[in-house]
Amino acid sequence: MTRQVSANSIEKMPRQVLIRDTLSGELRPLEPREPGRVGIYACGPTVYSRIHIGNARPYVIFILLRRLLDRLGYEPRLVVNVTDINDKIYAAAREAGAPSDRFAGEMIRAYVEDTDRLGLGRPDDEPVASETIPDIVALIEALIERGHAYESRGDVYFRVRSFHGYGKLSNRDPDEMDQGEEAGTESLKEDRLDFALWKARKADEDTGWASPWGEGRPGWHIECSAMAEKLLGTDFAIHGGGADLVFPHHENEIAQTEAARGVPLARLWMHNGMVQMAEEKMSKSVGNIFQLSEALDRYGPQAVVAYLISGHYRQPLEFSEQALTEAAARVERIRNFVLDLPDGVDGDEDEFVTSRREALLDALADDFNTPRALAALFELIAEGNRRQLTGARAALEEMLPLLGLESLLGPVDEIDPEAERLMEAREQARAGRDFRRADQIRDELSSRGYQVRDTPEGPRLVRRSG
């Protein structure tokens, strides 16, 4: 029996969603704590400068993962935190000559502005560390009570060797681990492996919060454990972030929550590869960054999103201006196909359209394989350029939002009056066989960000994607 597929929507059919779990190393099915309800926590930025294009990769991936789960009939809740208390923020604020809280607030606004420009919407929750202090303190108190943490002259440290599963996420030998810059003061620790949960306020720090151990502020790792638990509880479905967070950040989150609560923090751990320039990751501390705002200005949001999903999320993604230019060309190909599609063609959906729409969903459900999903999309476009495909427009209305490219479907941006005037002048020049003048006007329109496309209904101005 042939299953009937609606031409108006992708069916919310049961589909097994598989994720490559960093903790087990296995491809595992999504099995939420509560059937149908999927909690996702993804580590967001530490706001000591504007974010770069590499920081945008997890933002895009987890926003689109939420869209997929929603389309498949789940009830996803995406939490992406903002770290606004951190050693790097104090240092950057001092260099800028600004109070650290005001500086962090300015960087949060810039982060929201930049990510808003991607056109993908916001996460369901965006907690900040400075507004989660009571929850952080309560979690630290639970760790002390259970013998997994200790106070030392106003600092509080996690006793790493008290947690027997330590190292299971990163598969490292604890004796060979370096906790990094957030580890705290060596002389105050029982063991060099221990890391700071709370830090006493230093003379050069202009903010502090009251605690049972004196005025101070939280360590980086405890912030995320507390924010995740506050909004999603424990044992939630998916914890994600960049691969650079596996150790020490996520390793320490696991230790803190399991030691304090006796249950896992998350069921699946999902890590995206870094955006790299040559052989090194893009990093604000290294200085080899390409700001997201600059990429958006130069290439447009659709091209940036298309670039960020062009490789499998788990693999590193090489950054180059050529890669962004190629992404812009792919976007233009999609846009042109959409513009050429006829409206309201009657008839049953073409079987090829159905197969490519299903292939896209299957690819995304299989460890969020965006390259395979894009391949299904471009197979539909290639076939549609050879023959008329009934139902192609309705299918694209379902497929493109799952890839973050739904803006290519909507009405073209409002054309400014001067561009309209230039197009009319070009048509007059062509009618008068003044082709040199017509070409000059075309070039001027291009410099303004427009191209002229000849359609059966006459010439049409289209804003370029880049």
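Residues numbered from 1 in each chain as written. Predicted model: local features only at pLDDT ≥ 70, side-chain atom pairs only at ≥ 80, totals over all residues. Heavy atoms only, no water.

A. Focus on the overall build of the protein chain. Within the protein chain, the regular secondary structure consists of 14 helices and 15 strands. Burial status across the protein chain gives 56% buried among its 466 residues. Put simply, the protein chain shows about 20,400 Å² of open surface, and 45% of that area lies on carbon and sulfur atoms. (Helix = DSSP H or I, 4+ residues; strand = E, 2+ residues; numbered from the N terminus. Buried < 20%, exposed > 50% of the residue type's maximum accessible area, 1.4 Å probe, protein only. Areas by Shrake-Rupley, 256 points an atom, 1.4 Å probe, with all protein chains shown as cover.)

B. Just the pattern of salt bridges, in detail. Applying the stated criterion across every chain yields a total of 42 salt bridges. Within the structure, one salt-bridge network assembled from shared partners comprises R33, E34, R37 and E75. (Salt bridge = Lys/Arg side-chain N within 4 Å of Asp/Glu carboxyl O.)

C. Expanded view of the sheet that holds strand 7 (residues 195-200). If you walk across this open sheet you meet the four strands as 5-6-7-8, and the pairing is antiparallel. Unpaired on one side and paired on the other, strand 5 (149-152) and strand 8 (216-218) mark the two borders of the sheet. Ignoring which end each strand starts from, the neighbouring axes of this sheet average 20° apart. In the sheet, strand 7 pairs with strand 8 via three bridges, with the strands oriented antiparallel. (Pairing = 2+ DSSP bridges. Axes fitted to C-alpha atoms, helices over the stretch in contact; angles between N-to-C directions.)

D. Main features of the environment of T325. Of note, T325 is situated in helix 9 (residues 321-340). Residue class for T325 comes out partly exposed when judged on its relative accessible area of 46%.

E. Quick peek at the pairing of strand 3 (residues 37-42). Judged by how many residues are buried, strand 3 sits mostly within the fold: five of six residues are covered. Note that strand 3 and strand 4 (residues 75-80) share six bridges and pair parallel. Bridging across to strand 4, V38 finds its partner in P76. Running through helix 1 (residues 53-71), the crossover from strand 3 to the neighbouring parallel element strand 4 is right-handed. Across three bridges, strand 3 lies against strand 9 (residues 236-242) in parallel orientation. Bridging from a neighbouring strand, I40 pairs with I238 of strand 9. (Right-handed = clockwise from strand over helix to strand, strands pointing away.)

F. A look at helix 2 (residues 87-96). Of the positions making up helix 2, those classed as buried are I89, Y90, A92 and A93. The N-cap residue of helix 2 is N86: its side-chain oxygen and the backbone nitrogen of K88 are 2.8 Å apart. G97 lies just past helix 2 and shows a positive phi near 70°. (Polar contact = N/O pair within 3.5 Å; in protein donor to acceptor, adjacent residues only side chain to side chain.)

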